[in-house]
Amino acid sequence: MSSGSNSAENLEPSNQNIGHKIQQQEGNRHVKPMREMISMSAPDIDDLDIEAVVEVLRSGRLSLGPNIEAFEEAINQYIGVRHAVAVSSGTAALHLIVKALGLGPGDEILVPSFTFAASVNAILYEGATPVFVDIEDETFNLDLPDLRRKITPHTKAIMAVDVFGHPVEWDAIEELADQYQLRVIDDSCEAFGAEYKGRKVGQFGDASAFAFYPNKQMTTGEGGIVATNNSEIARLSRSLANQGRSEMGTWLEHERLGYNYRLDEMSAALGLSQLGRVETFLAKRERVAEMYAECLKGSEAVQIPRSKPHVRRSWFVYVVTLREDIERDTVARTMEQSGIPVRCYFSPIHLQPYIRERFGFKGGELPTTESIAQRTLALPFHNNLTEKQVDRVVESLLGAVTKMV
Ligand SMILES: Cc1ncc(COP(=O)(O)O)c(C=O)c1O
């Protein structure tokens, strides 16, 4: 088990699900049947994806080429926004948005602690102050009363995170932002394709960040997108991601201090190819989630993920919540011993060593976040998980839970 695992690494995808069903034993001629391995996550790569990447390699144009432009245009169309800027990761996208909005020292940004570290790091990179907001226990998204309570005269923005692919309550967040003149950043790195009241996430707030690490709904290897209808945020993001160059300037002319956050052509070609199948991917993931729900619905000890009726969740991970009297870490250990990978996901950011050290949190500050984070368990989840594999995971989970009650 990987405890305290709030890193994308801990949801490392692999192709081990192909697995070897039999293993030759050394020293004798017997073959020992081995159970098929189940991986935590896995990208869905086909021959067309491979051809698209190979074609770029053959072309010799590996950066700043036509695939980036085509990928950005296709993302615009899919999400329904005016601008998409392809970048090297979701973290880079978040950083660019915070910077493009001019947020910095003295500015407070409301953010959940129940998220991946990158949401908070993007705030810290610019010297702004993260103010941690508790979550609601139904969707694990921002708790609206706590959000409102934590607004001060220094609050400049809300970093809303669509946790585990479930959109936040956008109507309420936009209303609050209007009322207090706050900027809104959507960390939608886990929610590509999700919808709130029929509108795709990416259309809300000032700008949104998406991520395409291989455990995501679709992948570019590493990669991300800044999506926005604000042409100034798009222009600044593009310049900042490309060493501060301006659109019109020459290669060695730098308008501002920038970064190299560019996406390369191979990744963009893969993204374009994957985007063509993303609705199939989302449907496959929904099917796997339904299989889990079907197997677990009778359990009193295991709460399955809950979605609000007015959203389309874009399934990223499958996270169950264990009843309070069950020791989650023991369940996780037992499952791992039976060959089922699981992750204790998320681990609150306000309690991470570097944040505790800087802000002095001791625990107890965010009761729902802390309680949920001790009880959640991410189960293996990817497009091609079979019914048999789901059954094995559930059998192992319920077996481990039953031992404890
Ligand atoms: C909520 C959230 N924000 C940001 C990121 C960062 O994305 P990346 O790993 O592409 O930098 C992730 C990645 O898993 C995430 O889950």
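Rules used throughout
- Residues numbered from 1 in each chain as written.
- Predicted model: local features only at pLDDT ≥ 70, side-chain atom pairs only at ≥ 80, totals over all residues.
- Heavy atoms only, no water.
- Helix = DSSP H or I, 4+ residues; strand = E, 2+ residues; numbered from the N terminus.
- Rg over C-alpha atoms; globule rule 2.2 N^0.38 Å.
- Buried < 20%, exposed > 50% of the residue type's maximum accessible area, 1.4 Å probe, protein only.
- Contact = heavy atoms within 4.5 Å.
- Salt bridge = Lys/Arg side-chain N within 4 Å of Asp/Glu carboxyl O.
- Near = heavy atom within 4 Å.
- Polar contact = N/O pair within 3.5 Å; in protein donor to acceptor, adjacent residues only side chain to side chain.
- Areas by Shrake-Rupley, 256 points an atom, 1.4 Å probe, with all protein chains shown as cover.
- Nonpolar A, V, L, I, M, F, W, Y, C, P; charged D, E, K, R; others polar.
- Phe/Tyr/Trp six-rings, centres within 6.5 Å; stacked < 30°, edge-to-face > 60°.
- Lys NZ or Arg CZ within 6 Å of the ring centre and 35° of its normal.
- Axes fitted to C-alpha atoms, helices over the stretch in contact; angles between N-to-C directions.
- Parallel < 35°, antiparallel > 145°, perpendicular 65-115°, else oblique.
- Left-handed = near helix turned anticlockwise from the far one by under 90°.
- Pairing = 2+ DSSP bridges.
- Expected span 1.5 Å × (residues − 1).

Caption draft 1: View of the overall build of the protein chain. Secondary structure assignment for the protein chain yields 13 helices and 15 strands. Expected size for 405 residues packed as a compact globule is a radius of gyration near 22 Å; at 22 Å, the protein chain falls within 12% of this value. Across its three principal directions, the C-alpha atoms of the protein chain cover 70 × 55 × 40 Å. A buried classification covers 55% of the 405 residues belonging to the protein chain. In the protein chain, the proportion of contacts linking residues at least 24 apart, taken out of those at least 6 apart, comes to 70%.

Caption draft 2: Spotlight on the pattern of salt bridges. For the structure on display, the rule yields 23 salt bridges. Lys 150 is the partner of Asp 146 in a salt bridge, and the nearest nitrogen-oxygen pair spans 2.9 Å. On the accessibility criterion, Lys 150 (22% relative accessible area) is partly exposed. The salt bridge partner of Arg 343 is Glu 336, with a shortest N-O separation of 3.4 Å. Within the structure, one salt-bridge network assembled from shared partners comprises Glu 195, Lys 200, Glu 279 and Arg 312.

Caption draft 3: View of the site of the ligand. Gly 90, Thr 91, Asp 187, Glu 190 and Lys 216 are the nearest of the 15 residues found near the ligand. A distance of 2.8 Å is found between an oxygen atom of the ligand and a backbone nitrogen or oxygen belonging to Gly 90. Here an oxygen atom of the ligand sits 2.6 Å away from a polar atom, N or O, in the side chain of Glu 190. In the complex, the protein chains occlude 96% of the 390 Å² of accessible area that the ligand would expose alone. Counting only elements with at least two residues in the shell around the ligand, the list comes to helix 3 (90–100) and helix 4 (117–125). Examining the composition of the shell around the ligand, we find that 3 residues originate from one element, helix 3, more than from any other. Looking at the shell around the ligand residue by residue, the classes come out as 7 nonpolar, 5 polar and 3 charged.

Caption draft 4: Highlighting helix 3. Of all 11 residues making up helix 3, 9 are buried, and the element is well covered by its neighbours. Burial in helix 3 covers these residues: Gly 90, Ala 92, Ala 93, Leu 94, His 95, Leu 96, Ile 97, Val 98 and Ala 100. Once helix 3 finishes, Gly 102 follows within two positions and takes phi at roughly 75 degrees, a positive value.

Caption draft 5: Structural detail: the packing of aromatic side chains. Enumeration according to the criterion identifies 20 aromatic pairs in this entry. Consider the rings of Phe 114 and Phe 164, whose centres lie 5.8 Å apart with planes at 75 degrees: the pair is edge-to-face. Remark: Phe 164 occurs in the loop between strand 6 (155–161) and helix 6 (170–180) and Phe 114 occurs in the loop between strand 4 (108–112) and helix 4; sequence separation between them is 50 residues. Accessibility assignment for this pair places Phe 114 and Phe 164 in one class, buried. Among the aromatic side chains, those forming a connected cluster through ring pairs are Phe 71, Tyr 78, Phe 192, Phe 210 and Phe 212. Geometry around Tyr 78 places Lys 200 over its ring, the cationic atom sitting 4.3 Å from the centre. Directly above the ring of Trp 251 sits Arg 245, whose terminal nitrogen or CZ lies 3.3 Å from the centroid.

Caption draft 6: How the structure looks around the packing of helix 3 against helix 4. The N-to-C vectors of helix 3 and helix 4 enclose an angle of 40 degrees; their axes lie 9 Å apart at closest approach. What the angle tells us is that helix 3 and helix 4 run oblique. The two elements helix 3 and helix 4 meet at a crossing, and its hand is right-handed. Every residue of helix 4 that contacts helix 3 at Thr 91, Leu 94, His 95 and Val 98 is listed here: Ala 118, Ser 119, Ala 122 and Tyr 125. In terms of residue class, the contact of helix 3 with helix 4 is made up of 5 nonpolar, 3 polar and no charged.

Caption draft 7: Inspection of the sheet that holds strand 5 (residues 129–133) at higher detail. One open sheet accounts for 7 strands, arranged 3-11-10-7-6-4-5; its pairing is mixed. Two strands bound the open sheet, and with one partner strand each, they are strand 3 (83–87) and strand 5. On average, adjacent strands in this sheet sit at an angle of 20 degrees to one another, irrespective of strand direction. Here strand 4 pairs with strand 6 via 3 bridges, running parallel. Considered in strand 6, the bridge of Leu 110 is made with Ile 158. Each of strand 3, strand 6, strand 7 (183–187), strand 10 (207–211) and strand 11 (224–228) is contacted by helix 3, which is oriented at about 165 degrees to strand 10, the strand it contacts most.

Caption draft 8: View of helix 9 (residues 278–296). Taking 1.5 Å per residue, 19 residues should reach 27 Å; helix 9 reaches 27 Å between its end C-alpha atoms and fits that length. The set of residues buried in helix 9 consists of Val 278, Phe 281, Leu 282, Arg 285, Val 288, Ala 289, Met 291, Tyr 292 and Leu 296.

Caption draft 9: Region of the structure containing the environment of Asn 67. Among the structural elements, Asn 67 can be located in helix 2 (residues 66–79). Owing to a relative accessible area of 19%, Asn 67 belongs among the buried residues under this scheme. Sequence spacing of Asn 67 and Leu 270 is 203 residues, and the spatial spacing of their C-alpha atoms is 9.1 Å. Apart from residues lying up to four places away in sequence, Asn 67 is in contact with Val 56, Glu 265, Ala 268, Ala 269 and Leu 272.

These values are about where atoms sit, not about what they do.
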